[in-house]
Amino acid sequence: MGLRIVVLPHWKAGRKRCVVLKLPRKTTWQNDSANTSVSNKSDINWVIMDYLVSEGYPGAAEKFAQETNLPGPVDNESIRERVRVRNAIHGGRLDEAIELINEIDPEILDNNHLLHFHLLQLQLIEIIRTILAKPGSNPAATDFLPAIKFATEQLSPRAPTDPKYQQALERTMALMIFPPEKMTPEFKELLDEELRRKVAVDVNRAILESRGERSEAKIRQLIKARAWAEQEAKAAKVGLPAYVPLGLDAADEVGGVDGDAMVS
Amino acid sequence: MADTLAAIYPMGSMEALPEVELEAQATALRMLKNEIVGHDQRKERQVCDGVVDMLVGVLSLHQRTTGSRKSDANGPTPVTWSWTQKDEVRLQATFVICTLANGGAAFVPPLLAAGMPQVLMDSLAQTTAPRLRTATLQALWNIVSAWSALQVDPGEAASTVCVDILTKQGIDVLSGILRSTLSDGAHIQQLQLRLIADINQERRGLSVFESITQGGDVDHVNALCSWLLLLARSMQGHSRLVALRLLALVNNAVDADSFDVGHRSEYMQKNRERKKQIALLGVPLAAKLVQMASEGRSSGSDRSADHDDMLVKEQACNVLALLVRDFDELQVAAVDAGAIKHVCPILKKSFDPVPPAKPMWSARRTAGNADSTSSPPTRRPGSQGLPPETLHAMRCRQGALQALAALAEKEDVHRKAIVEAGVVPCIFDSLKPFPPDYSTDDKRRGQVVGPKDGNTTAVLLAACRAAKTMARSVSLLRTSLIDAGIAKPIFQLLHHADPEVQLAATDACINLLLEFSPMREDLIAEGVVKTLCSQAKRCGLGGANGDLRLRVSSLWALKHLMSASPREIKVKTLEELGSGWLIGIIRGEQQQAREYVSAPGGGVSVGLSAPNAAGERVDLLNPQSSGMDVDVDEADPLAEEDDEQQYGNDEECANDEEGDGEVMFDISSSTHYQASQLRSTLNKHHHPPTSPTATQVPAFNSRRYLSSVRAIEQTPALRAQQAEVAVQEQALDFIRNLLNGEDCASMFDHLLQLIGAGRIFDVLTEKLVPVGIDPATGSGGATSSTRPIYGPSALIISTVNILTHIANALPRHKQLLIAQKPLLKAWLPHFIHPDRKVRVACVWAVNSLTWIDDESDRRDARQRAQELRACGIEGAVRRLLGDEDLDVRERARTGVRQFEQL
């Protein structure tokens, strides 16, 4: 019977130290409920609930609460607010998203200029997208007037204050120059809907922070901590197997779920 | 946009809006909000178009119509709260105000001109809806923080505008909210706490927390502190910082309360436990935040909000300073957590040049606001103040200096570590104000105020404080501080226009003028004597209390200058002050000081210049000059002790200024705070007449006692009286140091010549005469079996020490002293003074008097001893042989031996 090593971050006297727990190697994580803190079933449920709440899945959260006998999310309305914002961003309705955020707390965008700029940039991209998507071969120069007007009024004032704003604006404006099929990947990226999702995550986080709540689901932190611990253990050469399964599902057998991918 | 708004929203028709129009109004306001969020240029345009007046109109209108329903702000929240359209309108209007105030200092003048803080405060008092309440607090906070940016603008006459939120009513509203927050949601509660704490910080007021902690006992406070610790540890970034600040404020407020609980061991124990908890759990957290600020790391795990990080950078050091100030164990804890290592880089970095932010671009070329002067003040944005980068650097610098000042307060090791970090030149640079002609007006935008161009008033104050605490180290005074040339900028700050800066610079001077300070000569050459003397004389004329602080500090500095100075400096300083003025100050010849002293109320009144109780005057004996030496052997240890005491005093004073009440109050004598009735009952408890050195105090209702002391302490009259006592103490010590040293005899002769023996001894007698006799034990003369009621013991110690110095001068001076019958009579009761320091000083003086300088003095010495015996002093000294204090016993033994040798 070998020993499984679990490294936990530990703070002592202001210096970072590791506490190495030695656990029986052969047992699986689920059977270790006496030794590991997260393996308790209700704890796991709580972590999942936390994920559903902070990532904004109110319906699922309610159902999950019923099934697991956990208390439901305290403030369902605030989750729904965030969902509405997210949906608006995902759907490309940026003006609606901005108004919703301002309804929640105008301080968010008033103080976070970068986030505000990102949203406005997305909005400009959407305007350009509709122009580009118009049937017909090439849009006429005058078709871009709304986009130019929007950029002049909304984005340009902040552009000279920092190179990052200026660059972003320039690249967005360049979308009007190249036809979509001739775009380099860096411009294609702007039209990709993935960008919406990225901004939506930032917005969700900003809203959570403005409410004084944790800006990230606990499970993400746990996974990061696990990856970190694995790294530390490997660095300390404690003889860890090449791959430690998470033990959550069948994907374990394939390996490389997301342990290392999360470290960045 | 503004035009459309005006169309939807005509200024004139705001009365009795029907529901439909209310909805239109809310929509219009919402549009306005969306228009300006994140767009500072548009905000400015809206203000010029008169949006501020409109908002005031909306808020006050709806307050009036809905006021009756919601006036119960302190009561419990109604269970069924319906959100009405009116609330919606108010919420949107408040949001617009939040956003406007975020625009920065330029928006403060129009908002203040419209009386916005008051409007918001009224709104706060009338609402219980959590959303509206939070938004209103946020708006207030935004205004206050923008205002504080305006305050530091060197070009602005900032004193003309001031936000006065913390009126009595304001405090009531805020503490009402604090009490009722429990019923709101947790996060709103946190947010509200954070906002209230911040508003308080900006005003540097403890008042709200005082009203919370008042009446609370130590257990309650400890629980509160534990909760705040827990809160701080559960939060991140700026919120964590705010929780720590609250912790510091509560802890300080409690400590300011507990000035006289030395005898309550249980109370002390609990206080100690709390300190320990804060040292272990709170201080490292604050140090950690400082570290993050210093390393430029984001404070949260995945923060996107720069704004939050910026606030942490600006305030982390300040909070650390607030936490550890006045508590040496917490200072040690902070340094253990690496505070010095992390604070110093922040200070250094604040001097790095920052590229000024490029202005925003605008499609509309505004051709200057030519007509801006003609528009009403509510439509006229003011100056933007310092550039935001410079402002940020100034705030970081100020915080770092505060933290250093706090860390260097007690421990020499900390001071050395600070020097080793190489920040002394930074302190020097922080003492330089902005040039007087500096202006941040838009018209002169050509020059941008950078972080190296000067320092705001807040930085100057912090730098003076840092210089003061650093200068407490003798070795640093002689090495790094002189190398940095710290004296010159401090001297220049003595002439600063701001009285607070003057005061801080004077405080910093106090240590630079010490006997062993190498900077003394430089400062004298610069003309510090004249400056300090004129400061001491100038202030207090208006009768304002605050002014006395400058007098105390100036006299304090001069007092240090007197010790071991060449004769010509002493004579010149005395001349500059004026001997008549000095005597007047010692006697407390200020009419207003007497008025409250003789205030009715039964019992005995504490006279600062009590009439000469001894009544009759005795003929002066012929002073016999037998040409004897000064008693060097005895004078020397005394002199050393004096210096130490003064050195210690200085620190006490520093504490005192910062609102720590415990120093001024002398537990055992407990005289100088107490007025009439209380005093007569108190002394029974405090000083059982049988034992002169009462330490065992019978238990009594301590809480009631504390609250009565507090009530008394907070009356302005008693504060004024305390200030007056402090002035007198410094003035007496000035004379005491004047007489100290080799030229004691000649200086005393000089004084005799200037003032006259009669006047000098009258004054000294006045200071010694007990205020009265405890009615419980005695009814007449001050015999050893009764307990007299003393004046402030600080004054008595100073006076008796002057007697010692006189007794150490020439034999003829001894003879002169022994001839002062009223003085001796007034002196006698102090041999049984409950404060051991007084008793020691008394015996020292007797020992000096009975010293035989040489054979020719023997006859006089014997006669002096007889006089002392006749008036009961010898007996008093003999009784002190059994004193509980070793020092007193030893001195008394010497004294008795000297009596016997005669």
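Residues numbered from 1 in each chain as written. Chains lettered and ligands numbered in written order. Predicted model: local features only at pLDDT ≥ 70, side-chain atom pairs only at ≥ 80, totals over all residues. Heavy atoms only, no water.

**Comments concerning the overall build of chain B**
For chain B, the count of helices and strands is 44 helices and two strands. For chain B, buried positions account for 58% of its 902 residues. Sequence separation of at least 24 residues holds for 78% of the intrachain contacts in chain B that already meet a minimum separation of 6. Summed over its atoms, the accessible surface of chain B is roughly 35,000 Å², and 53% of this surface lies on carbon and sulfur atoms. (Helix = DSSP H or I, 4+ residues; strand = E, 2+ residues; numbered from the N terminus. Buried < 20%, exposed > 50% of the residue type's maximum accessible area, 1.4 Å probe, protein only. Contact = heavy atoms within 4.5 Å. Areas by Shrake-Rupley, 256 points an atom, 1.4 Å probe, with all protein chains shown as cover.)

**Looking at the overall build of chain A**
In terms of helices and strands, chain A carries twelve helices and two strands. Going from the N terminus to the C terminus, chain A shows its helices and strands as β-β-α-α-α-α-α-α-α-α-α-α-α-α. Here chain A, with 264 residues, has 39% of them falling under the buried criterion. Within chain A, counting contacts between residues at least 6 apart in sequence, those at least 24 apart form 48% of the total.

**Re the UniProt feature "domain: CTLH" (unreviewed entry) in chain A**
The feature "domain: CTLH" (unreviewed entry), as annotated in UniProt, sits at residues 78–135 of chain A in this numbering. Helix makes up 86% of residues 78–135 of chain A and strand 0%. Its end C-alpha atoms lie 40 Å apart. (UniProt positions renumbered as here; feature names shortened; annotations may be inferred.)

**As for the nonpolar core**
I486, V528, W827 and F831 of chain B are the most contacted members of the largest nonpolar core, which totals 178 residues. For V528 of chain B, the contacting residues outside a window of four places in its chain are F491, L494, C509, L513 and L523 of chain B. Among the nonpolar cores identified, the runner-up in size contains 42 residues, and I104, F144, A147 and L190 of chain A belong to it. (Core = buried A, V, L, I, M, F, W, Y, C linked by side-chain atoms within 4.5 Å.)

**A short note on helix α29 (residues 567–577) of chain B**
Among the residues of α29 of chain B, those classed as buried are I569, K570, V571, T573, L574 and L577 of chain B. Directly after α29 of chain B, the chain includes G578 of chain B, whose backbone phi takes a positive value near 90 degrees.

**Digging into the environment of A129 of chain B**
One can find A129 of chain B in the loop between α7 (116–126) and α8 (130–151). A sequence separation of 47 residues divides A129 of chain B from S82 of chain B, and the C-alpha atoms of the two residues are 9.1 Å apart.

**Some thoughts on the interface of chain B and chain A**
Opposite the 34 residues of chain B that make contact, chain A presents 32 residues. One can count three salt bridges joining chain B with chain A. Put simply, E103 of chain A and K33 of chain B hold a salt bridge, and the shortest N to O gap is 3.1 Å. The tally of links between chain B and chain A comes to 16 residue pairs in polar contact (both at pLDDT 80 or more). Residue assignment for the side of chain B that touches chain A shows that the elements contributing at least two residues are α2 (19–36), α3 (40–48), α5 (85–102), α8 and α10 (186–203) of chain B. Residue contributions to the side of chain B that touches chain A peak at six residues, all from α5 of chain B. Across the side of chain B that touches chain A, the residue classes tally to ten nonpolar, 14 polar and ten charged. (Salt bridge = Lys/Arg side-chain N within 4 Å of Asp/Glu carboxyl O. Polar contact = N/O pair within 3.5 Å; in protein donor to acceptor, adjacent residues only side chain to side chain. Nonpolar A, V, L, I, M, F, W, Y, C, P; charged D, E, K, R; others polar.)

**Observations concerning the side chain of R397 of chain B**
Residues and elements named next belong to chain B. Its place among the elements puts R397 in helix α18 (residues 388–407). Although buried, R397 forms no salt bridge, and the nearest oppositely charged side chain, D429, lies 8.0 Å from it. A polar contact of 3.4 Å, which involves the side chain of R397, links it to the backbone oxygen of G454. Look past the residues within four positions of R397 in its chain and what remains in contact with it is L347, S350, F351, S430, P451, G454, N455 and V459. (Lys, Arg positive; Asp, Glu negative; His and termini not counted.)

**Some details on helix α14 (residues 265–295) of chain B**
All names here are of chain B. In this model, α14 (31 residues) spans 43 Å end to end at C-alpha, consistent with the 45 Å of a helix rising 1.5 Å per residue. Of all the bends found along α14, the most pronounced is centred on A279 and spans about 40 degrees. Two residues or fewer after α14 comes G296, characterised by a positive phi angle close to 70 degrees. (Expected span 1.5 Å × (residues − 1). Bend = angle between axes of the 7 residues up to and from the residue.)

**Overview of the pattern of salt bridges**
Residues and elements named next belong to chain B. Overall, the coordinates contain 42 salt bridges over all chains when judged by the stated rule. We note a salt bridge from R90 to D87, for which the minimum N-O separation is 3.9 Å. Of the two residues, R90 and D87 are both situated in helix α5; the distance of three residues between them amounts to about one turn of the helix. Judged by relative accessible area, which is 0%, D87 ranks as buried. The residue K530 makes a salt bridge to E576 at a minimum N-O spacing of 3.9 Å. Of this pair, K530 sits in helix α27 (residues 528–538) while E576 sits in helix α29, placing them 46 residues apart in sequence. The class of K530 is exposed, set by a relative accessible area of 54%.

**Overview of unusual backbone geometry**
Although it is not a glycine, N69 of chain A sits at a positive phi angle of roughly 65 degrees. The class for N69 of chain A is exposed, based on a relative accessible area of 69%.

**Comments concerning the side chain of H833 of chain B**
For H833 of chain B, the position within the fold is in the loop between α40 (821–827) and α41 (836–850). Of the polar contacts made by the side chain of H833 of chain B, one reaches the backbone nitrogen of D835 of chain B; its length is 2.9 Å.

**Digging into the packing of helix α30 (residues 579–587) of chain B against helix α37 (residues 757–768) of chain B**
Axis angle and axis distance: for two packed helices, these are the angle between their axes and the distance between the axes, and together they describe the pair. Residue and element names in this part refer to chain B. In the contact formed by α30 and α37, the axes pass within 10 Å of each other and the chain directions differ by 20 degrees. In terms of their interaxial angle, α30 and α37 are classed as roughly parallel. Relative to α37, α30 is oriented so that their crossing is left-handed. Residues G580, I583, I586 and R587 of α30 pack against R759, V763, E766 and K767 of α37. Here the contact of α30 with α37 is built from residues that sort into three nonpolar, one polar and four charged. (Axes fitted to C-alpha atoms, helices over the stretch in contact; angles between N-to-C directions. Parallel < 35°, antiparallel > 145°, perpendicular 65-115°, else oblique. Left-handed = near helix turned anticlockwise from the far one by under 90°.)

**Topic: the environment of L91 of chain B**
All names here are of chain B. Checked against the element boundaries, L91 lands in helix α5. It is 28 Å that separates the C-alpha atoms of L91 and L246, two residues lying 155 residues apart in sequence. If we skip the residues at most four places from it in the chain, L91 touches W83, R131, L132 and A135.

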